[in-house]
Amino acid sequence: MNQTNKSPLQQTAPPLYQVNKPYVTASFEIKYHQIIDADGAVVGPIPDFARQPEQLIKLYQAMYLTRQFDHKAILLQRRGQLGTYASSLGQEAIGTAIGYTMQADDVLLPAYREYAAQFLRGVSMTEILLYWGGNEQGMNFQAQKHDFPINVPIASQTSHAVGVAYAMQLRQQARVAVCVLGDGATSKGDFYEAINAAGNWKLPVVFVINNNHWAISLPRQKQSHAKTLAQKAIAAGISGEQVDGNDVIAMQFRLDKALNKARNGHGPSVIEALSYRLGDHTTADDATRYRSKDELEQNWKYEPLSRLHHYLTNMGYWSKHHDQQLEKNTQHLVESAVQEYLNTPAQAPESMFDYLYQSLPESLQEQRQSVIQRHQGHA
Amino acid sequence: MPEITLVDAVNMGLMHEMAADPDVVVLGEDIGLNGGVFRATDGLQKKFGHQRVLDTPLAESLIAGMSIGMAAEGLKPVAEIQFLGFVYSAIDQIINHAARLRNRTRGRLSCPMVLRVPFGGGIHAPEHHSESTEAIFAHIPGIRVVIPSSPLRAYGLLLSAIRDPDPVIFLEPKRIYRLVKQRVEDDGEALPLDVCFVLREGSDVTLVSWGAMIHETMMAAEQLQQAGVSAEVIDVATIKPLDINTILESVDKTGRCVIIHEAPRTCGVAAEIAAQLAEKGLLSLFAPIERVTGYDTIMPLFNLEQQYMPDVNSIMAAAKRTLEDT
Ligand SMILES: Cc1ncc(C[n+]2csc(CCOP(=O)(O)OP(=O)(O)O)c2C)c(N)n1
Ligand SMILES: [Mg+2]
């Protein structure tokens, strides 16, 4: 395997006797990317796609829809019509940029705050509601056959992404796996194992860290002493960078680069998207126990929708009239998804047996019969 | 046709299925050029290339997790974990994902993977290398746990494990990797999963076991024969899901049952078999069910290994106890 005949030691350093003082064998830098700042001002070069108003409007609509959906889902939960729900409030730009940038036959491996990406990829709002409403059919996406469902055991989806990307590479397909994880997830061994392996094989996979600065009650600075989470990629031998995760234009631009790189056989990347969790961790959480009002208020200034709104308005692409139109359309979409969800009957009790194996082993038939009998008449 | 060992049969099965099905990939630690620490994958990389036979970094959770990703994309990964004592960091992936991907997605995605793991004591291995914790996996809905006990069954069951559309934990009894040889034809004929194999017919007592302990169990049956006792021997082979019917039928005939495993006693698979016999076959029993098992102790280092493992004498003694008062 060695390109030279030198010993491994000699490949990285001159013979020991020549070293009279330590010298640098590796170093790194992490870049931070932003294009539109919190006030909607342009601070970086506008990429080509963002010169087309209809593209930007698409991004804005996707973020807006996600926010309205989130709002509605929380209401449903409060009314007892939905189980525990994890909102993506404040982080809509990350999912939107992902969903917008990925190609149809790529594979998304989300955590649980990527509704925007899922919607853009054909997962329906009804399906997401079914999932949090306690119905596995919510993971049986009708219009999205390859994507993984929501992933709850933190960071465990990262190694699935490695396997998915390995399969794509083996079959010489121009496809990419996109894996999303939280800042907390970067402390798990799974993440290190995955980025390390992805680097080894130069796999077509992009890891997006949604650094929303909290993992339930643990703030980002207590999660790791590393200055950035992106730099963890460097240890795995792959590229890592930070992007303003509330700047959907920068997110799209950097993601597009990372996906193209992966698609063209140039290997994996880690993108640390800097964002902020404006909501509670989930509807079962009360963030006032551990997070100051001040901090929350501060961070509302940076949220992704208003900044794109500013930019669109400044550029003359958007007006009050558009706002009203969008509000009406979105409300309609969300309401009809909610109705469809509420009208979906619970699955039959025996369904808990029906997808355990491709065909139910003989030994489980009796248990399946007993659940049917137990619930006969209950329907 | 030459006679081959159990580990050779595993190798032959892998070779056969890789040649027959381009979706089969083999992965794990040191499985490539080195052919695996037990040589089960010897020669595969040379024949099928490093892309289909891949040496992974040293990361068990990754090995299981990436197999899930591969399987969801339609490959048929056959992953090796070097020893059962090192599978524990992969258990999150097995339980939380492999076992339930089909169920979670209502069949939209599935996980046709095999996790091969050498297991069990008796080869004077270092600490953590001699575990028999198959019951942990038998508890998990959504997976199969398959254990061969001979070269023939290693070949036939491995083929069916690879062809099975759901995840299979394939535990290989490493103590008998090279203990016995058999003629095994490389004909691609699989053996059925989810069924017990009756290895020896008898009428006085049913001996139930799996894996390496089948060896001692068969010897005990032989010696019982000489003492005038006719023992039926059942190799459970698939411990999850369990084919209790074959065991029930046998016990219905013999009225006596001894269950033998190397694993610790409490909540071992024998406990499940005994419970089901009590539920469904109590009236055919002439004597209490006997269990011959490892102790509820940490698997000792190899000085005391023999004292830990069930042996022919303890199986004989248990069988005789079932015959004593009846
Ligand atoms: C392995 C694991 N440990 C603990 C939990 C409970 N839990 C759910 S979310 C969470 C915090 C995750 O934080 P982060 O990765 O930053 O994602 P975020 O929720 O902020 O999007 C914890 C501890 C879990 N789901 N999985
Ligand atoms: Mg977080």
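Residues numbered from 1 in each chain as written. Chains lettered and ligands numbered in written order. Predicted model: local features only at pLDDT ≥ 70, side-chain atom pairs only at ≥ 80, totals over all residues. Heavy atoms only, no water.

Considerations on the sheet that holds strand β13 (residues 257-261) of chain B
The strands making up a sheet associate through hydrogen bonds between their backbones, and the pairing can be parallel or antiparallel. All names here are of chain B. Strand order in this open sheet of five strands is β9-β11-β10-β13-β14, and the pairing throughout is mixed. The open sheet has two free edges, formed respectively by β9 (197-200) and β14 (290-293), since each of these has just one partner strand. Mean inter-strand twist for the sheet, computed between neighbouring axes without regard to direction, equals 25°. Where β9 lies against strand β11 (residues 231-235), three bridges are found, and the strand directions are antiparallel. The residue bridging Arg200 from the neighbouring strand is Val233, located in β11. (Pairing = 2+ DSSP bridges. Helix = DSSP H or I, 4+ residues; strand = E, 2+ residues; numbered from the N terminus. Axes fitted to C-alpha atoms, helices over the stretch in contact; angles between N-to-C directions.)

Re the coordination of the magnesium ion (ligand 2)
Residue and element names in this part refer to chain A. The coordination sphere of the magnesium ion (ligand 2) contains the protein donors Asp183 (OD), Asn212 (OD1) and Trp214 (O), at a distance range of 2.0 to 2.1 Å. Read N to C, the donor residues that coordinate the magnesium ion (ligand 2) are spaced as D-x28-N-x1-W. Both residues of the pair, Asn212 and Trp214, belong to the buried class. (Donors = N, O, S within 2.8 Å, 3.2 Å for Na, K, Ca; no water. Buried < 20%, exposed > 50% of the residue type's maximum accessible area, 1.4 Å probe, protein only.)

Considerations on the pairing of strand β4 (residues 205-211) of chain A
Residue and element names in this part refer to chain A. Among the seven residues in β4, seven count as buried, and that is most of the element. The pairing of strand β3 (residues 177-182) with β4 spans six bridges and is classified as parallel. Across the sheet, residue Val180 finds its bridge partner in β4, namely Val208. Judged from the six bridges that link them, β4 and strand β8 (residues 269-274) form a sheet pairing that is parallel. In the sheet register, Val206 faces β8, and the bridge partner there is Ser269.

Quick look at the packing of aromatic side chains
Counting across every chain of the model gives 17 aromatic pairs over all chains. With centroids separated by 5.4 Å and ring planes inclined at 15°, the aromatic side chains of Tyr85 of chain A and Tyr115 of chain A adopt a geometry described as stacked. Pair noted here: Tyr85 of chain A is in the loop between α2 (53-78) and α3 (92-101) and Tyr115 of chain A is in helix α4 (residues 115-120), with a separation of 30 residues, a long-range link. The exposure class of Tyr115 of chain A is buried, given its relative accessible area of 0%. With 5.4 Å between their ring centres and 65° between their planes, Phe38 of chain B and Phe83 of chain B make a pair best called edge-to-face. Residue Phe38 of chain B is found in the loop between β2 (24-28) and α2 (44-52), and its partner Phe83 of chain B is found in the loop between β4 (76-80) and α4 (91-96); the two are separated by 45 residues along the sequence. A relative accessible area of 10% places Phe83 of chain B in the buried class. (Phe/Tyr/Trp six-rings, centres within 6.5 Å; stacked < 30°, edge-to-face > 60°.)

Interpretation note: all reported values are geometric properties and have no functional meaning in isolation.
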